[in-house]
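Examination of the molecular architecture
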Amino acid sequence: MATSGAREDVKFAMLSHRAIINVLTNLENTFMTSFSENDRTLVILPLSYISGRINSLIHLVFHNQTIFCSNLYNLPAQLKAASPTFLIGFPKIIKMLYYTLRRVFFKNKSIFAKNILNWSNLSSDKYFSKIDNELAPTSLEIIKQNVAQRIFFKKIIEFLGGNLKIIISVGGNLSSEVYNLLRNCNILVLEGYCLTEATGLCIINPPYKQIAGTIGLPIKNNLVSLSQEGEILIQSNSFYSGYYKHSNDDLFDDSNLKTGDIGEITPQGYLKFIDRKRNFFYTAENRKIFPHRLESVLEEERYISHALVTLYQHEILGIIGVDPIRIAMLFDRHHEKCPEDFSAMVNHAITQKEIIGNLKKANQKLGINEKITLYFICPFELTAKINS
């Protein structure tokens, strides 16, 4: 099975039947009654990826139905045909699906429809904020949440096949906007972490408690720790048997597998993915910067859809992609017509002011040596498209 190349070039890990049986048993003991013979999964990842392979085999422990996606670029049609109850996918694929939902349900709507969308999102955000903080929503908040489900979010669920209840995202963190929209649809979003050398899923947010922006807790029979450098170390009973025609002598520290990824532990004990260990640069002050963290902070801002952080002439440069749907709604609030040309919209004073404001807010969340000192706002749209 091909590795992700987190450490260096892609290699091929040899996985034993025992390792596969162990990881399936670990997942069964982790999820317990979360899945049953009444569930159905749509396998959207290639079987050449360990996540796709394990997804295709979990019916051996959960007895669920398994359907294989024939065309990832026509995912909405596949979802309608299969009507799955749960999915396993990479953040990039889930974000592609999110942009399809944005295009279908949010773009080019009337002022009345936009007000309904905003009210529905606000009502659900308040409801789930209480849930996240282990507080009981008020009766009024519960009523508003139920109304929002019926008048808006139910349409999204129907678009996704009508039965989708759980999405498992592996391979990095989802942005908050993607997470919040799916959660507002009453879809349980479980962010996790897969490793080919550990035969797949080894860390995940448990069904009983999720913390957005983290990859969760180790599954059964797995242990996680951090090295002095912050590298994620894993102990597991489902390790691979070695690389095909390559040595793996430098991959273990005692019984800990070195993942090649950097993480941190939150106060709640959940693991947060920061970046690849090899994906960093040094500033003029000789400070090590992991760009994925900065990009994640930028993408949390309201009007920024994509971000790329790099080093330019010893300064941190942020390349910014603008969210056209939210910018269009911004123009509505200013009672101005939004330019149809994307470049004209980006260069408009209203857009520039808000994006600069978003950058300032993002910098307030970053350390003194992490701040974005240079920026470039892309005059073209940066989106991943799925045909609907």
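Please refer to the structure placed before this passage.
Below is a short write-up of the structure. (Residues numbered from 1 in each chain as written. Predicted model: local features only at pLDDT ≥ 70, side-chain atom pairs only at ≥ 80, totals over all residues. Heavy atoms only, no water.)

A sheet is described by the order of its strands in space; here three strands give the open sequence 17-18-19, paired in mixed fashion. The open sheet has two edge strands with one neighbour each: strand 17 (304-312) and strand 19 (374-377). Ignoring strand direction, the axes of neighbouring strands in this sheet form an average angle of 20°. Looking at chain direction, strand 18 (residues 315-322) and strand 19 are connected through four bridges and run parallel. Note that in strand 19 the partner of I319 across the bridge is F376. Seen against the sheet, helix 9 (residues 291-299) touches strand 17 and strand 18 and runs at an angle of roughly 145° to strand 17. (Pairing = 2+ DSSP bridges. Helix = DSSP H or I, 4+ residues; strand = E, 2+ residues; numbered from the N terminus. Axes fitted to C-alpha atoms, helices over the stretch in contact; angles between N-to-C directions. Contact = heavy atoms within 4.5 Å.)

What follows is about the layout of surface pockets. Of the volumes computed, that of the second largest pocket is approximately 350 Å³. Mapped by element, the contributors of at least two residues to the lining of the second largest pocket are helix 10 (324-333) and helix 11 (342-347). Considering every element that reaches the lining of the second largest pocket, the biggest residue donor is helix 10, with five residues. Across the lining of the second largest pocket, the residue classes tally to nine nonpolar, one polar and seven charged. (1 Å grid on protein atoms, 1.4 Å probe; cavity = no way out; pocket = protein on both sides within 12 Å on 5 of 7 lines; lining within 4 Å. Points joined across faces, edges and corners; volume = space filled by probe spheres on them. Nonpolar A, V, L, I, M, F, W, Y, C, P; charged D, E, K, R; others polar.)

Compared with the 24 Å implied by 1.5 Å per residue over 17 residues, the 25 Å span of helix 12 (residues 349-365) between its first and last C-alpha is a close match. Restricting attention to buried positions, one finds in helix 12 the residues I350, T351, I355, N358, L359, A362 and N363. Residues of helix 12 that are buried in the fold lie against helix 9, strand 17, strand 18, helix 10, helix 11 and strand 19. (Expected span 1.5 Å × (residues − 1). Buried < 20%, exposed > 50% of the residue type's maximum accessible area, 1.4 Å probe, protein only.)

We now examine the packing of helix 9 against helix 12. Where helix 9 meets helix 12, the axes come as close as 9 Å, and the angle between the chain directions of the two elements is 130°. Taken together, the axis directions place helix 9 and helix 12 in an arrangement best described as oblique. Judged by the twist between their axes, the crossing of helix 9 over helix 12 is right-handed. Contacts between helix 9 and helix 12 involve R293, V297 and L298 on the former and, on the latter, L359, A362 and K365. Looking at the contact of helix 9 with helix 12 residue by residue, the classes come out as four nonpolar, no polar and two charged. (Parallel < 35°, antiparallel > 145°, perpendicular 65-115°, else oblique. Left-handed = near helix turned anticlockwise from the far one by under 90°.)

Once that is clear, we can look at helix 4 (residues 75-82). Each turn of an α-helix holds 3.6 residues, which means side chains three or four residues apart point in the same direction. Among all positions of helix 4, only L75, P76, Q78, L79 and A82 are buried. Looking straight down helix 4, one finds that the buried residues subtend no more than 160° of arc, so they occupy a single side. Turning to helix 4, the residues buried within the fold contact strand 2 (40-43), strand 3 (65-68), strand 4 (86-89), helix 5 (91-105) and helix 7 (139-159). Directly beyond the C-terminal end of helix 4, a positive phi value near 50° is found at S83. (Arc of directions from axis to C-beta.)

In this section: the packing of aromatic side chains. Applying the stated criterion across every chain yields a total of 15 aromatic pairs. Ring plane angle 85° and centroid distance 5.7 Å describe the contact between F106 and F152, whose orientation is recorded as edge-to-face. Taken as a pair, F106 in the loop between helix 5 and helix 6 (111-132) and F152 in helix 7 lie far apart in primary sequence, 46 residues in all. Relative accessible area serves as the criterion here: at 4%, F152 is assigned to the buried category. The rings of F105, F106, F152, F153 and F159 are connected pair by pair, giving a single aromatic cluster. In this structure, R102 packs its charged tip against the face of F106, placed 5.5 Å from the ring centre. (Phe/Tyr/Trp six-rings, centres within 6.5 Å; stacked < 30°, edge-to-face > 60°. Lys NZ or Arg CZ within 6 Å of the ring centre and 35° of its normal.)

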